[in-house]
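For reference, the chains in residue letters:
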Amino acid sequence: DVAARFGVTAAVVKQRLKLARVSPKLIDLYRKGEMTLQHVMAFAVTDDHDAQERVWRELPEWNSDNPSVIRDMLTEHEVTASDRRVKFVTLKAYEKAGGTVRRDLFSNDEDGAFIDDMPLLESLVAKKLEKAASAVRMEGWKWVDIRPSFNRDEYAECGRRFPERVPLSADEQSEMDRILAEAETLAAIEEPDGDQEARLDAINERVDALNDRDSVYTPETLAIAGAVVTLGGDGKAAIHCGYVRPEDVPPKPRKRKAAPGDRTETAAPRDINSATLTESLTAHRSAALSATLLEHPTAALTFIVHTRALQIFYNGGNDETALQITAKPASFHRVEGSFAAAFIDKARDHWCERIPSESFELFGWCLRQDADTLHDLLAFCVAMTVNAVKLKQDRADGNRLVNADELAATLKLDMAAWFTPTAGN
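Calculation criteria
- Residues numbered from 1 in each chain as written.
- Predicted model: local features only at pLDDT ≥ 70, side-chain atom pairs only at ≥ 80, totals over all residues.
- Heavy atoms only, no water.
- Pairing = 2+ DSSP bridges.
- Helix = DSSP H or I, 4+ residues; strand = E, 2+ residues; numbered from the N terminus.
- Salt bridge = Lys/Arg side-chain N within 4 Å of Asp/Glu carboxyl O.
- Buried < 20%, exposed > 50% of the residue type's maximum accessible area, 1.4 Å probe, protein only.
- Phe/Tyr/Trp six-rings, centres within 6.5 Å; stacked < 30°, edge-to-face > 60°.
- Lys NZ or Arg CZ within 6 Å of the ring centre and 35° of its normal.
- pLDDT = per-residue confidence, 0-100.
- Axes fitted to C-alpha atoms, helices over the stretch in contact; angles between N-to-C directions.
- Parallel < 35°, antiparallel > 145°, perpendicular 65-115°, else oblique.
- Contact = heavy atoms within 4.5 Å.
- Nonpolar A, V, L, I, M, F, W, Y, C, P; charged D, E, K, R; others polar.
- Left-handed = near helix turned anticlockwise from the far one by under 90°.
- Core = buried A, V, L, I, M, F, W, Y, C linked by side-chain atoms within 4.5 Å.
- Patch = residues over 30% accessible without salt bridge, like charges linked within 9 Å, V, L, I, M, F, W, Y side chains within 5 Å.
- Areas by Shrake-Rupley, 256 points an atom, 1.4 Å probe, with all protein chains shown as cover.
- Lys, Arg positive; Asp, Glu negative; His and termini not counted.
- Charge placed at Lys NZ, Arg CZ, Asp CG, Glu CD.
- Polar contact = N/O pair within 3.5 Å; in protein donor to acceptor, adjacent residues only side chain to side chain.

Let us now look at the sheet that holds strand β8 (residues 237-244). A sheet is described by the order of its strands in space; here four strands give the open sequence β3-β7-β8-β4, paired in mixed fashion. The outermost strands of the open sheet, each flanked by one partner alone, are β3 (143-147) and β4 (159-160). Note that strand β7 (residues 226-231) and β8 share six bridges and pair antiparallel. Residue pairing across strands places Thr-230 opposite Ala-238, the latter belonging to β8.

Spelled out as structure tokens, the structure:
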């Protein structure tokens, strides 16, 4: 009736009535012109007069003209419908389970719906994650962990296995061998004609088609590795597979000792030198390797990519490579769900599909790659080690943070392309 009398919608009337819930002290300030109607609307997000008055007192002077800051301060510890947990279980399922929602009459987006029953929400998240984990267990993993969020540091001691491409059938392998041999012959022609160039293009397309196969985890990997089921930043279940606990790593096969009269294998020669002499001789060998490497930059690139990738993807240690280069992946748990984190996860998935499943196969794989691929993989591995986080104990002029500023300037870092401020962040 009121809406019809004044020619407005019922929603407008509800909003005006909601303003009466704002502290009378703040209403007086509004009437004196010390705040705008938008400020009063922002205070209406809660009925707690003490909280409203406290926020007005604590509101930074430089931000006093921004009503959204008031709303953010009053709802700092509340969970909205835009939270990934709510997206995971859906607001409809939460309300169907008996959960209640408090809504901001002055907001029409997800940030205007506030969850009242957090224990119920957490319970629904746990049940849905368990359901997802049940499906993962059916795949045959040795173990499956459930985590509300995924922190790679928890699995730093684990090795990592990756899926392998489904092998080609006998006919496909035969075709692959035949057309690769033909391609090699065509590529050797100095001045190919149009038909030869077209044939080479057709062969390359067919090779790409044959290589475009699904990747799967082998039964051997499933028998020793596990998976982690967690809630991703996009509000969907995320599965991180292939982690091998130290106690589950199979022992490396030992070479069979040669039997008497066995000429197919030669027993390893016994070291006739003393430990001191061996150390001295190998020190010279190590120095010679370093000196030789100076003249082979491509080999150096291969070695550093191999070392970095071992540590980033397989959690490999220094005992698996001759290079004394350490790399520890940075933790991104503070920025889950961000555009940058999603971009990094996509890049990680890309490389996980390309590199070998087993760490001992990585070096041979690196040797077979061209310089562009090695550069790209090196860039990813180096990027994973960046730590520009300023902690409480850090000085702003500390070497690490100054170096991070220099890196940002060199890369012309534009934060607007990666970060949008919201109430949540």
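Right, let's talk about the pattern of salt bridges for a bit. Under the definition given, this model contains 18 salt bridges. Two residues, Glu-358 and Arg-161, come together in a salt bridge whose shortest N-O distance is 2.9 Å. Placement of Glu-358 in the loop between α15 (339-354) and α16 (362-367) and of Arg-161 in the loop between β4 and β5 (164-165) is noted, with a sequence separation of 197 residues between them. With a relative accessible area of 17%, Glu-358 lands in the buried category. When salt bridges with common partners are traced through the structure, they connect Asp-145, Arg-147, Glu-154 and Arg-245 into a single cluster.

Further remarks concern the packing of aromatic side chains. For the structure on display, the rule yields nine aromatic pairs. Taking 4.8 Å as the distance between ring centres and 70° as the angle between the ring planes, the aromatic pair formed by Trp-141 and Tyr-217 counts as edge-to-face. A residue pair is termed long-range when its members are at least 10 positions apart, and Trp-141 in the loop between α9 (118-137) and β3 and Tyr-217 in the loop between β6 (215-216) and α12 (219-224) qualify at 76 residues. A relative accessible area of 7% means that Trp-141 is categorised as buried. Under the relative-accessibility criterion, Tyr-217 is labelled partly exposed at 22%. Among the aromatic side chains, those forming a connected cluster through ring pairs are Trp-143, Phe-150, Tyr-155 and Tyr-243. One Lys or Arg, Arg-160, reaches over the ring of Tyr-243 and ends 4.4 Å from the middle of that ring.

So, on to the confidence of the model for the protein chain. Predicted coordinates in regions of low pLDDT should not be interpreted in detail. Averaged over all residues, the pLDDT of the protein chain is 82; the fraction at 70 or higher stands at 86%. Within the protein chain, the element-level pLDDT minimum falls on helix α13 (residues 275-293), averaging 67, and the maximum on helix α1 (residues 2-6), averaging 94.

As a packed pair, helix α3 (residues 24-31) and helix α5 (residues 49-58) sit with axes 9 Å apart at the nearest point and diverge in direction by 45°. Judged on the interaxial angle alone, α5 and α3 are oblique. Residues Pro-24, Lys-25, Leu-26 and Leu-29 of α3 lie in contact with α5, whose contacting residues are His-49, Gln-52, Glu-53 and Trp-56. Tallied by class, residues from the contact of α3 with α5 come to four nonpolar, two polar and two charged.

Closest axis-to-axis distance for the α5/helix α6 (residues 67-74) pair is 10 Å, and the angle between their directions is 130°. Taken together, the axis directions place α5 and α6 in an arrangement best described as oblique. Crossing hand, α5 versus α6: right-handed. The residues of α6 that touch α5, namely those facing Ala-51, Gln-52, Val-55, Trp-56 and Glu-58, are Ile-70, Met-73 and Leu-74. The residue makeup of the contact of α5 with α6, split by class, is six nonpolar, one polar and one charged.

Turning to the nonpolar core, a few remarks are in order. Core analysis: the biggest nonpolar cluster contains 27 residues, and Tyr-94, Ile-115, Leu-121, Val-125, Trp-141 and Val-229 have the highest contact counts within it. Mapped onto this core, the elements with two or more residues apiece are α7 (84-89), β2 (113-115), α9, α12, β7 and β8. Among the elements that make up this core, the one with the highest residue count is α9 (eight residues). With residues near it in sequence (within four places) discarded, Val-229 still touches Leu-129, Ala-132, Ala-133, Val-136, Val-144, Asp-145, Ile-146, Arg-147, Ala-238 and Ile-239. In terms of nonpolar packing, the next biggest core, distinct from the first, is built from 22 residues, Ile-312, Trp-351, Leu-377 and Phe-380 among them.

There is a patch of like negative charges on the surface, built from Asp-193, Asp-195, Glu-197, Asp-201, Glu-205, Asp-208, Asp-212 and Asp-214. Assessed through its relative accessible area of 58%, Glu-205 is described here as exposed.

Right, let's talk about the side chain of Thr-80 for a bit. One can find Thr-80 in the loop between α6 and α7. Looking at Thr-80, the relative accessible area reads 13%, which means it is buried. One polar contact links Thr-80 to Ser-82, side chain to side chain, over a distance of 2.7 Å. Discounting residues that sit within four places of it in the chain, Thr-80 has contacts with Val-86, Glu-110, Asp-111, Ala-113, Phe-114 and Ile-115.

Before going further, it helps to spend a moment on unusual backbone geometry. Backbone geometry follows two general trends: most residues other than glycine have a negative phi, and most peptide bonds adopt the trans configuration. Positive phi, normally seen in glycine, also occurs at Thr-90, with a value near 75°. You can see Thr-90 is positioned in the loop between α7 and α8 (91-96). Judged by its relative accessible area of 36%, Thr-90 falls in the partly exposed class.

Let us look at the environment of Glu-247. If you trace the backbone, Glu-247 turns up in the loop between β8 and α13. Sequence separation of Glu-247 and Ile-224 is 23 residues, and the distance between their C-alpha atoms is 9.4 Å.

Bringing the side chain of Gln-369 into the picture now. Residue position: Gln-369 is located in the loop between α16 and α17 (371-383). One polar contact links the side chain of Gln-369 to the main-chain carbonyl oxygen of Trp-365, over a distance of 2.9 Å. If we ignore the near neighbours within four places in the chain, the residues touching Gln-369 are Arg-354 and Leu-374.

Right, let's get into the pairing of β8. By the bridge criterion, two bridges tie β4 to β8 in an arrangement that is antiparallel. When the sheet's bridge partners are listed, Gly-159 is paired in β8 with Val-244. In this antiparallel pair of consecutive strands, β7 and β8, the connection spans five residues, and Gly-235 shows a positive phi of 80°.

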